[in-house]
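Residues per chain, in single letters:
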Amino acid sequence: MTETRASDASGRMSVGAIEHELARLRMNDDGTIGLRASVLNLVVVTSEEAAPAVTELVSGLSGRFPCRAIVFISEPEAPHDDFDVGLAAFCSTRGGGQVCAEQITIHACGAPARHLESLAEPLLIPDLPVFLFYPDEFDPDAGEFGSMVSLADRLIVDSGRASDPEGFLRRLSLLAEDPGVPDLGDLEWVALSPWRALLADMFSPPERAGMLEGIERVRIIHDGGGEGRARALLFAGWLAASLGWEPEEGGSFSGPGGGIEVLFEESRGAPLRRVEISVRDLVFRVSRCRDAAEFRAEVERGGEIMAGRTVHLGYSSVEEILGEELQHRGDDRNLLDALKVVGRMVER
């Protein structure tokens, strides 16, 4: 059980006043102080509408990833210059002791919103990794991004929030090549992990390894929303990058074994509902039902199911997906390679 302790203090506060108030929030009624066992700094840039959901995320993650979260509600176009600070601690019992995560929420308007790095840097806990997270539609041209990214060890975005997933993923592929941008993570890529693991497992038996070069057609069925479209594109990019396919005109690919038809289809259901890979007279299929963490993997021949199994692999909530992403360090080569292919797909 996590206890939320919100401070009554607000308005402009110095760094010293913020640290003093956070320490007071960690103090229990009996005078003992909850341990600040932070394992990372999480810097979030979001909107006022999305900020409550971010607070729920930080609270939900506080047991597994106690952190110092600095949440910026940024309004650079506001007609006045000001910022307001809100503080909270999320305390839970772990290993016989009490562990607290901290959240500093800064609502910045006007000039302070255009220089968020000057507010963030003094509040970071030294010697801990800094994750910069954009939970809303991310715009790398936003005024604060260039300076904020210089503070970060890892940039986390959510391509499923983009109004134009194709254009966004192409821009992300270019951004990933910028040496000034830190290691990159995408929540939609993490959500694809069970799909990639199951499909790779279906072709892992030695007698099936040679079938990969004989793939003739891929059907990717998604719900048509931003999450589904982004996942479908990333999945196609991963498959193509892994198997050495190159995008061609009209949605097809060329590979070592010849041409491959890749179809994107929309259907109601989970964001990514089904993937089918056809090799000769066999269809390899991975499916997921709406709101379910179970996946069904099947091999079909002539309408008859030759093999099948249901497994529980999923990350079904944003909290679980972000928690998985916070464990990553360093470049994810598979993501970067998939983004390059998606970028070339979109250009065609």
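Reading the values: rules and limits
- Residues numbered from 1 in each chain as written.
- Predicted model: local features only at pLDDT ≥ 70, side-chain atom pairs only at ≥ 80, totals over all residues.
- Heavy atoms only, no water.
- Pairing = 2+ DSSP bridges.
- Helix = DSSP H or I, 4+ residues; strand = E, 2+ residues; numbered from the N terminus.
- Axes fitted to C-alpha atoms, helices over the stretch in contact; angles between N-to-C directions.
- Contact = heavy atoms within 4.5 Å.
- Parallel < 35°, antiparallel > 145°, perpendicular 65-115°, else oblique.
- Left-handed = near helix turned anticlockwise from the far one by under 90°.
- Nonpolar A, V, L, I, M, F, W, Y, C, P; charged D, E, K, R; others polar.
- Disulfide = S-S within 2.5 Å.
- Buried < 20%, exposed > 50% of the residue type's maximum accessible area, 1.4 Å probe, protein only.
- 1 Å grid on protein atoms, 1.4 Å probe; cavity = no way out; pocket = protein on both sides within 12 Å on 5 of 7 lines; lining within 4 Å.
- Points joined across faces, edges and corners; volume = space filled by probe spheres on them.

### Observations concerning the sheet that holds strand 2 (residues 40–46)
Taken in spatial order, the eight strands make up an open sheet running 1-4-5-3-2-6-7-8, and their pairing is mixed. Of all strands in the sheet, those with a lone pairing partner are strand 1 (3–6) and strand 8 (183–186), marking the two edges. Pairs of neighbouring strands in the sheet enclose a mean axial angle of 20 degrees, with direction left out of account. One ladder, built from seven bridges, connects strand 2 with strand 3 (residues 67–75); its direction is parallel. Note on strand 3: the bridge partner recorded for Leu40 is Cys67. Most of the contacts of helix 1 (residues 15–26) go to strand 4 (residues 82–94), to which it runs at about 30 degrees, and overall it touches strand 1, strand 3, strand 4 and strand 5 (97–109).

### A word on the packing of helix 5 (residues 165–175) against helix 11 (residues 333–347)
For the pair helix 5 and helix 11, the least separation of the axes is 8 Å and the interaxial angle reads 130 degrees. Here helix 5 lies oblique to helix 11, going by the angle between them. Considering the relative orientation of helix 5 and helix 11, their crossing is left-handed. Listed contacts from helix 11 to Glu166, Leu169, Arg170, Leu172 and Ser173 of helix 5 are Leu339, Lys340, Val342, Gly343, Val346 and Glu347. Partitioning the contact of helix 5 with helix 11 into residue classes produces five nonpolar, two polar and four charged.

### A word on the state of the cysteines
Considering all chains together, one arrives at one disulfide under this definition. Covalently, Cys91 is tied to Cys100 through a disulfide, its sulfur atoms 2.2 Å apart. Taking the torsion about the S-S bond as the criterion, the Cys91 to Cys100 disulfide, at about 110 degrees, is right-handed. The pair formed by Cys91 and Cys100 is uniform in burial state, with each residue classed as buried. Looking at Cys67, it has no disulfide partner, and the nearest cysteine sulfur is the one in Cys100, 12 Å off.

### Here we look at the pairing of strand 14 (residues 282–288)
Of all seven residues in strand 14, seven are buried, a share of seventy percent or more. Residue alternation in strand 14 divides its side chains into two sets, Leu282, Phe284, Val286 and Arg288 and Val283, Arg285 and Ser287, and both sets are buried. Inspection of the sheet shows strand 13 (residues 272–279) paired to strand 14 by six bridges, in the antiparallel sense. Bridged to Ser278 within strand 14 is Val283. By the bridge criterion, seven bridges tie strand 14 to strand 15 (residues 294–301) in an arrangement that is antiparallel. Looking across to strand 15, one finds that Leu282 is bridged to Arg301.

### Some thoughts on the sheet that holds strand 14
A sheet is described by the order of its strands in space; here eight strands give the open sequence 10-11-12-9-13-14-15-16, paired in mixed fashion. Looking at strand neighbours, the two that pair on one side only are strand 10 (246–247) and strand 16 (304–312), the edges of this open sheet. Sheet strands touched by helix 7 (residues 193–202): strand 13, strand 14, strand 15 and strand 16. Its angle to strand 14, the strand with the most contacts, is close to 155 degrees.

### Quick word on the layout of surface pockets
Each pocket or cavity is described by its volume, and for the second largest pocket that value is around 210 Å³. Forming the walls of the second largest pocket are Val45, Thr46, Ser47, Ser74, Pro76, Tyr134, Asp136, Glu137, Phe138, Asp139, Ala142 and Glu144. Across the lining of the second largest pocket, the residue classes break down as five nonpolar, three polar and four charged.

### Quick notes on the pairing of strand 4
Alignment of strand 1 against strand 4, held across four bridges, turns out to be antiparallel. Residue Ala6 lies in a different strand from strand 4, and its bridge partner there is Ala88.

This is a description of form; function is not addressed.
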